[in-house]
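Summary of the model geometry
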Amino acid sequence: MRIARVIPFLCASAVLANTLIPISPAPADTAPVKIAVITDMSGVYSGLSGQGAVIATKMAVADFGGKVLGRPIVVDAVDHQNSATIAEAKAREEFGSGADLAMDLTNSAAAIAVASVAKDVHKLAIVTGAASTALTGADCNKYTYHYAYDSYALAHGTGASVARAGFKTWYGIVPDYAFGKAMLSDFTAAIAPYGGKFIHADTMPLGTTDFSSYMLAARNAHPQVLALLNAGADTVNSMKAAKEFGLDKQMKIVVGLLFLSDVDALPDVFAGSRITDSWYWNEDKAARAFADRFAAADNGLRPTSVQAADYSATMQWLKAVKAVGSTDADKIVAYLDGRKFDDFYAHHAEWRARDHRVIHDMYVMDVLPKSEVKEPHAWMKIVDTIPADQAFRPASESTCQKTW
Amino acid sequence: MSTIVLLVVTGLGLGALYFLVASGLSLIWGLMRVLNFAHGALFTVAAYAGWSIANTIPATDAARAWSIGLLGAVLGGAIAAFLLETVLIRPLYARPVGQVLVTVGAALAAVALVEAMYGDDPKQLVLPAWMSANTVIAGASIPNTRLLLIVVALAVLGLLLILLRKTRYGLIVRAGVENRAMVEALGINVHRAFTIVFTIGGAAAGLGGYLAGTYFGYIDPQRGTSMLIFAFIVVVVGRLGSMTGCAIAAAVVALVQQFLNFYAAAGVGDFSVVLLLALALLIRPRGAQTL
Amino acid sequence: MTRSVSIGLALALIAILIAVPWIGIPLPPLFGEPLRSPGSLSLLAVCFVFGALAVSYDLLFGYTGLLSFGHALYFAMGVYATAIALERWHWSLIPTLLFVVALCVVVPAIVGAICLRTHDVAFAMVTLAFAQAGSIVVLQNPFGLTGGEEGLPLSTQSLPAIFAGVANSRNLYWLALLLLIFTYAVARMLVGSRAGRVWQAIRENERRVATVGLNTYLFKLGAFVCSSVLASLAGIVYVFIEGGATSEITTANFTLALLVMVVLGGVGTLWGAVLGGMLYEYLDFRLVVLSSASGLQSLPPILRVPLSEPLFVLGVLFILLVLFVPGGLAGAFRRLSSLSTRTTTLTGGQ
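In what follows, the accompanying structure is described. The model shown is predicted, which means the values in this text are computed figures rather than measured ones.

The subject of this paragraph is the sheet that holds strand 14 (residues 358-359) of chain A. Adjacent strands of a sheet form backbone hydrogen bonds with each other and so pair up, either parallel or antiparallel. Taken in spatial order, the 3 strands line up as 12-13-14 (chain A) in an open sheet, and their pairing is antiparallel. Each end of this open sheet is capped by a strand with a single partner; those strands are strand 12 (340-341) and strand 14 of chain A.

Structure follows, in structure tokens:
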């Protein structure tokens, strides 16, 4: 009975409190500027991004001077454990406790989830480690930039470069998920202008363990190019099967998605394949200088393109904060949109306003066999450069419904 | 013609892998009625044990490194299985659901431990040169690892059959699969037989883990769990506890996969294998007793 | 514990939980932020959802003894049906909710009818097979509906206004709390009803129940459908909290996680399931952060490395519970309280 009498009192105070007590304290002007590096710290992507991403971001902060607008800069390392749910919750937590920028976001599902949070809280998220073109397409928003690579750029770089060299008949091994299908359609479009076409594309069910039957079928089809549009463990398995059945001697092998960290783990498997990436640590003097400093901080490992992108994006953002005089996301977006820039990572780059795709040159590379590798981690050789204005989906073809 | 030879041999090679993983599971399930979810973890732990031991030997002596690694994997699997059975499963004989649950927990913990200790990146296995080469049979160029697997699987099958048919413990196991209650009623120490069966199952899983690493060229923490699905399918399609049944089922499942994936559309083979499983589960001739 | 005392405690607990969004106490290292911050509220809300989900699974596994490895399918169905209806078909809220509930009565009825023709291990495998099939369908992104492995985020127009925006995270918190209370109340009511008693009898000895003349198949099907509907309701709330659907809830790992939650908390006690669900999700989220807290960092690597893997800790905890505390955390609590009050209680069977 006494409980019943308390309830109206509780309700009244509830309504009152809800209107009076704000949900989070307003940031003070001396509070640190916080960057939350949200990535996979211990799982399958930890080699690609992981601790190295945090190191790269901290390097940028240190090089910038450690302070901006009179406030110290803090970098939070957050492990999303490859779970979009955890990424989303951690992003909320970080933004709620004063983070001004979410960085890296390796893993497309996690990136898309955090982009949604960024839009909710009106703070910036810069994605360097995810491939999905949905980030600048169906899931685009004002507060998210897609900085490094995406599946379109990978497909067009490799596809155009190889087709242009005269390789016209293609055979595709495609995984049956969104990434694979996107890669196939992007590759098909990329090779078409040069007379290339897919004579066949096998869609692998998820969790295929054995690729031998698919390799046999590929061999019998006698294509000029075998395109392994897989990601992760599938790429390794299919590459190995391709070599076992001698396909690498018969045709050119092209891999959809591959990073320095993958080759570091299994160099023998990937030798001879052609890929596209946004940056290579030994591409020129400036890149090498950064790579040397990074190696000193990370046990001699060379930075992957994603880690270099983290440095670059952090530096660019800090410069924008300084120029704008505030960490307010709306002002920074207004400052960045349409702005062109150039640094050791991004050449001929622009923060594209149409869909928040950051465009820059991309590079087509071959993975060298062990015998041609001159120093540790020097696995790649650049064979072609795709200029920024051709590397990514043209602004006119973007599916982003721009609401800002 | 060479295509068919290639498909058959690679199919049998894959089937050999399935058999190695499934044989232990079939014995354990058939005799002890324990659905060992930790079998994939045994596979993984043993593979990493083998890899770690192989790594202590310089890579130039690849043959020795690989063989010692193989021994390490088999021993690792046996020891891990022994520990699993005595520490976790034996106390729960009165609670069959508890036994299944404890294997689930062990699987989670063991794989997580391997990931924590070795990281998620794949680890390359050092192979002697001849294993990376191909042999030409009837016009088909076949990777030697497939042939190795077939030979090893046949040897293991032979060993297990001798064990089951010619030894006392084998007799107990076969009797126990038929009618466990009777065996216990006869006063035979079934528990020791259980431990031995579990240990043998673990050794087979370890062998499977290391050879899978040989087949794929590397080991990673997730392989065991993904192999477990196929092991279950093979055990259900074959007859529980029967080694020949298991071997035939493994060969059938793998060959169906290979041929359908090649001649029909990609993925049809894998789908049809799952269909086989569903049918086998829903139309068991002996009813629920078998499972 | 007398009935009025436990009701009083329950109401007090609910009052505290309702008041949490105004409690600004920081609780490190339990929470990174003060309780009323969006981050902590969001974590608590997800914990409530998982508590409700664990309760629904406890009905099936703990009370009826049906070891299903495919329960997560109905949670995922709730999640995806809601997200698709709101985002792809642009339905408004009420038709969406009606559609999802209807779907999550019909589908489990059909699937359950098939699966329940088998028993024990075969039943577990068949339910797993259906869940796997569902997972594959989601990942294949048919007609562009599910978003595949990239997930399906809800745009601001699709989300009901009271749930959109960070300022409204407290509304989501209360929604999740409401879900938990509702699910618990329904489960408690079902368990205490005649059907509930038959379920528990089936768990103990199905053959005996059949001999008495009851149609065990129909009762089991009833349990299957009831628990699936409750799971789908949890899915609906989950979509609002997360702002979309993600594919990780369709994986086999997630189904196993449900099993761990219920066993952790106590099979056959509803509040144990709530505890297990909340604890599991909390640990999954915070363990990585907790492990980098100074206490653990000072441990030698041989202890620190395994302890910072959430799944390792959970797996070991799970094993210890199954071995020594079959009633889960709830069972342990019961045992402690029975030691002091010297009354014997029936713990959930296995």
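Moving on, we get to the environment of A:Pro267. Residues and elements named next belong to chain A. Along the chain, Pro-267 turns up in helix 11 (residues 267-270). Using a count of 17 C-beta atoms within 10 Å as the deciding quantity, one classes Pro-267 as partly exposed. Residues Pro-267 and Ser-185, 82 residues apart in the sequence, show an inter-C-alpha distance of 29 Å. The residues touching Pro-267, leaving out its near neighbours within four places in the chain, are Lys-370 and Trp-379.

Attention now goes to the interface of chain A and chain B. With 28 residues of chain A at the contact, the number on the chain B side is 23 residues. Only strand 8 (197-204), helix 7 (212-221) and helix 8 (233-244) of chain A provide two or more residues apiece to the side of chain A that touches chain B. Counting residues per element, the side of chain A that touches chain B draws most heavily on helix 7 of chain A, which supplies 6 residues. Here the side of chain A that touches chain B is composed, by residue class, of 11 nonpolar, 13 polar and 4 charged.

A general tendency of soluble globular proteins is for nonpolar side chains to be buried together. Within the largest apolar cluster, 371 residues are counted, with the highest numbers of intra-cluster contacts made by A:Val114, B:Tyr18, B:Val234, C:Val49 and C:Ala176. Counting contributing residues, this core receives three or more from each of domain 1 (33-149 + 282-360) and domain 2 (152-277) of chain A. What B:Val234 contacts, discounting residues up to four positions off in sequence, is B:Tyr18, B:Ala22, B:Cys246, B:Ala249, B:Ala250 and B:Val253.

Residues and elements named next belong to chain A. Read from one edge to the other, the open sheet built from 6 strands follows the order 2-3-1-4-5-6, with strand pairing classed as mixed. A strand with exactly one partner marks an edge of an open sheet, and here the two such strands are strand 2 (67-68) and strand 6 (144-146). Alignment of strand 4 (residues 99-104) against strand 5 (residues 124-127), held across 4 bridges, turns out to be parallel. Opposite Met-103, over in strand 5, you have Ile-126 as the bridge partner.

Every contact between the two is made by 32 residues of chain A and, on the other side, 33 residues of chain C. Of all the secondary structure elements, the ones that give two or more residues to the side of chain A that touches chain C are helix 1 (2-20), helix 3 (84-96) and helix 4 (108-121) of chain A. For the side of chain A that touches chain C, the element with the highest residue contribution is helix 3 of chain A, accounting for 8 residues. Taken together, the residues of the side of chain A that touches chain C sort by class into 16 nonpolar, 9 polar and 7 charged.

Running from N to C, helix 4 (residues 96-118) of chain B and helix 14 (residues 310-324) of chain C cross one another at 155°; their axes reach a closest spacing of 7 Å. Viewed along their axes, helix 4 of chain B and helix 14 of chain C adopt a mutual orientation that is roughly antiparallel. Between helix 4 of chain B and helix 14 of chain C lies a crossing whose hand is left-handed. Where helix 4 of chain B abuts helix 14 of chain C, its residues B:Gly98, B:Leu101, B:Val102, B:Gly105, B:Ala106, B:Leu108, B:Ala109, B:Ala112, B:Leu113 and B:Ala116 lie against C:Leu311, C:Phe312, C:Leu314, C:Gly315, C:Val316, C:Phe318, C:Ile319, C:Val322 and C:Leu323. Grouping the constituent residues of the contact of helix 4 of chain B with helix 14 of chain C by class yields 16 nonpolar, 3 polar and no charged.

A separate point is the pairing of strand 9 (residues 225-228) of chain A. Successive side chains on a regular strand alternate, one facing one side of the sheet and the next facing the other. All names here are of chain A. Of the two faces of strand 9, both are covered, the one formed by Val-225 and Ala-227 as well as the one formed by Leu-226 and Leu-228. Pairing geometry for strand 7 (residues 169-175) and strand 9, over 4 bridges, is parallel. Counterpart to Trp-170 in the pairing with strand 9 is Val-225. Bridge analysis of strand 9 against strand 10 (residues 252-255) gives 4 bridges, and the strand direction is parallel. Bridge pairing links Leu-228 to Val-255 in strand 10.

Criteria and thresholds
All chains use their own residue numbering, which begins from 1 and follows the written sequence. Ligands are numbered from 1 and chains lettered from A, in the order in which they are written. For a predicted model such as this one, the threshold for reporting local features is a pLDDT of at least 70, and the threshold for listing and counting side-chain atom pairs is 80 or more; totals across whole chains, interfaces and linings nevertheless cover every residue. DSSP-based pairing: two strands are paired if at least 2 bridges between them are found. What counts as a helix is a DSSP run of H or I of at least four residues, what counts as a strand is a run of E of at least two, and both are numbered from the N terminus. To sort residues by burial, count the other C-beta atoms lying within 10 Å of each one's C-beta; a count of 20 or more means buried, 12 or fewer means exposed, and anything in between means partly exposed. C-beta atoms are built from the backbone. By definition, residue pairs are in contact when their C-beta atoms, positioned from the backbone, come within 7 Å. The nonpolar class holds Ala, Val, Leu, Ile, Met, Phe, Trp, Tyr, Cys and Pro. Asp, Glu, Lys and Arg form the charged class, and all remaining residues, Gly among them, are polar. Note on terminology: a nonpolar core is a set of buried residues of type Ala, Val, Leu, Ile, Met, Phe, Trp, Tyr or Cys, with members joined through C-beta atoms within 7 Å. For the domain bounds, the source is a domain assignment made automatically or taken from a database. Whenever a helix is involved, its axis is fitted only over the stretch in contact; in every case the axis is a line through C-alpha atoms, and angles between N-to-C directions fall within 0 to 180 degrees. Just so you know how the angles are binned, under 35 degrees is roughly parallel, over 145 roughly antiparallel, 65 to 115 roughly perpendicular, and the rest oblique. A crossing counts as left-handed when the near helix is turned anticlockwise from the far one by less than a right angle, and as right-handed when that turn is clockwise.

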